Amino acid sequence: ILKGRVAVVTGSTSGIGLGIACKLAAGGADLVINGPGDVPANEALCREIAKVYGIRVAFGAADLSNAEEAIELIGNATDVMGRVDILVNNAGIQPADSALTSAAQQWDATIAVNLTAVWLTIRAVLPQMLERGWGRIINVAPMWADAGNKSAAQASKYGVIGLTKDVAVDLVACGVTCNVICPGWVPIPPVNTTGSDAAPRNGRRPKTRRRTPVGELQLSYELKAPDQLGSLAAFLCSDAAAQVNGVTLPVDGGWLGQ
Ligand code: NAD
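Each chain has its residues counted from 1, following the order in which its sequence is written. Residues qualify for local features only when their pLDDT is at least 70, as the model is predicted, and side-chain atom pairs are given and counted only at 80 or more; totals for whole chains, interfaces and linings, by contrast, use all residues. Computation of side-chain values covers all heavy atoms of the structure but excludes hydrogens and water.

Chemist: Mind showing me how you'd approach the side chain of Thr10 here?
Modeler: Numbering of helices and strands starts at the N terminus; helices are DSSP runs of H or I of at least 4 residues and strands are runs of E of at least 2. Relative to the helices and strands, Thr10 resides in the loop between strand S1 (6-9) and helix H1 (15-26). Distance and chemistry together define a polar contact, namely a pair of N or O atoms within 3.5 Å, with one atom able to donate a hydrogen and the other to accept it when in protein, and with adjacent residues in sequence counting only for side-chain atoms on both sides. A distance of 2.9 Å separates a polar atom in the side chain of Thr10 from the backbone nitrogen of Ala91. In this structure Thr10 touches Asn34, Leu64, Leu73, Val88, Asn89, Asn90 and Ala91, once residues within four positions along its chain are discounted. Contact between two residues is taken to exist if any of their heavy atoms lie within 4.5 Å; hydrogens are not considered.

Next comes the structure, spelled out in structure tokens:
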């Protein structure tokens, strides 16, 4: 259902971002993978994904704490792939700091990656989406974004929810939607990039109702959560979700239901 679409997924060399990228690839989308770290290793990951899913995959090494690089990520992706139809703002950092102990530098760095880069990439990609009358913007923020304990991470992710709603309202009836996926606590196993349903290599099978660092709040414990978040992202990119706009979608194993 995503054949012919091009998706940029930030922070997609590991974890939830990689899970989302693989599900979009499984739907036929071409990909731009982004993340810091070892470029040859990341390029090898791109080649593996391209081979498994039979799609085009490019690597964008942008460091999203740098505003210019965040904007260039979209420009370079458009140059290399010809277009960007789907933007998933997944990259994030969450230093454990309180408002009293947060150092100014740490605060700025967190806001830069978690919030400013989201605004910049959205602003960079919107003109082409609006011109074609089709686009999907999916942001990722924890379902605990509006309940404190991590200062800058909290403030930035709550800001992402506000920005999402603002963009969605601006874009009504333009064929472009903007939503937030809000995971609960997600244990990150090695993500299965093979396209099969088999457990990831080196992955541990979970015990059901395992105790988590968030205590008993999250009722389920699910090894395949990045896959499931990816499936939700793929749904948001489908025509069936054309009217889903400006919403936060918790994927929290029953947390909010209590
Ligand atoms: P993760 O650390 O594996 O993913 C974060 C990604 O962001 C990594 O790929 C990292 O390389 C990338 N990143 C960090 N700084 C960057 C920078 N300056 N430039 C480019 N990329 C950068 O952790 P994750 O759990 O997969 O988190 C992904 C997203 O999901 C984050 O936004 C996080 O806030 C959110 N989230 C995670 C959980 C959880 O329990 N794991 C829960 C709720 C929300």
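Chemist: Got a minute to help me understand the site of the ligand in this structure?
Modeler: Nearness of a residue to a molecule or strand requires only that one of the residue's heavy atoms be within 4 Å of it. Neighbouring residues of the ligand: 25 residues in total, closest Asn90, Gln94, Lys157, Gly184 and Val186. Between the ligand and the protein, one listed contact pairs a nitrogen atom with a side-chain N or O atom of Asp63 at 2.8 Å. At 2.8 Å, a side-chain N or O of Gln94 approaches an oxygen atom of the ligand. Compared with its free state, where it exposes 820 Å², the ligand has 83% of that area covered by protein. All accessible-area figures derive from a Shrake-Rupley calculation using a 1.4 Å probe, and residue coverage is judged against the displayed protein chains alone.

Chemist: So what exactly am I meant to see when it comes to the sheet that holds strand S6 (residues 176-183) here?
Modeler: Across a sheet, strands are paired by hydrogen bonds formed along the backbone, either parallel or antiparallel in direction. The seven strands are arranged S3-S2-S1-S4-S5-S6-S7 in an open sheet whose pairing can be described as parallel. Strands with a single pairing partner mark the edges of an open sheet, and in this sheet they are strand S3 (57-60) and strand S7 (248-251). On average, each strand axis in the sheet is tilted by 20° relative to the strand beside it, whichever way the strands run. Note that S1 and strand S4 (residues 86-89) share three bridges and pair parallel. The residue of S4 that forms the bridge with Val8 is Leu87. Taken strand by strand, H1 contacts S1, strand S2 (30-34), S4, strand S5 (135-140) and S6, and its axis lies near 175° from that of S1. For two strands to pair, DSSP has to find at least two bridges joining them. Only the contacting stretch of a helix is used when fitting its axis, a line to C-alpha atoms as for every element, and angles between N-to-C directions run 0 to 180 degrees.

Chemist: Looking at this structure, how should I read the nonpolar core?
Modeler: Side chains that are nonpolar tend, in soluble globular proteins, to be buried together. The biggest cluster of nonpolar side chains holds 36 residues, and the ones touching the most others in it are Ile20, Leu24, Leu31, Ile33, Ile49, Val57 and Ile86. Within the residue set of this core, elements represented by two or more residues are S1, H1, S2, helix H2 (39-53), S3, S4, S5 and helix H6 (225-236). Top contributing element to this core by residue count: H1, with seven residues. If we ignore the near neighbours within four places in the chain, the residues touching Val57 are Leu31, Ile33, Cys46, Ile49, Ala50 and Met81. Residues belong to one nonpolar core when they are buried, are Ala, Val, Leu, Ile, Met, Phe, Trp, Tyr or Cys, and are joined through side-chain atoms within 4.5 Å. Each residue is assigned to one of three classes by its accessible area relative to the maximum for its type, calculated with a 1.4 Å probe on protein chains only: buried under 20%, partly exposed between the two thresholds, exposed over 50%. Among the nonpolar cores identified, the runner-up in size contains 29 residues, and Leu87, Leu120, Val125 and Leu126 belong to it.

Chemist: Teacher, can you tell me more about the packing of H1 against H2 here?
Modeler: The geometry of a pair of packed helices is captured by two quantities: the angle between their axes and the separation between those axes. It is the contact of H1 with H2, at a shortest axis distance of 10 Å, that shows an interaxial angle of 30°. When the axes of H1 and H2 are compared, the pair comes out roughly parallel. The hand of the H1/H2 crossing is right-handed. On H2, the residues that touch Leu18, Cys22, Ala25 and Ala26 of H1 are Leu45, Ile49 and Tyr53. Should an angle lie under 35 degrees it is considered roughly parallel, over 145 roughly antiparallel, and from 65 to 115 roughly perpendicular; all remaining angles are considered oblique. In this scheme the handedness of a crossing depends on how the near helix is turned from the far one: anticlockwise by less than a right angle means left-handed, clockwise means right-handed.

Functional significance is not addressed by these values, which are geometric in nature.
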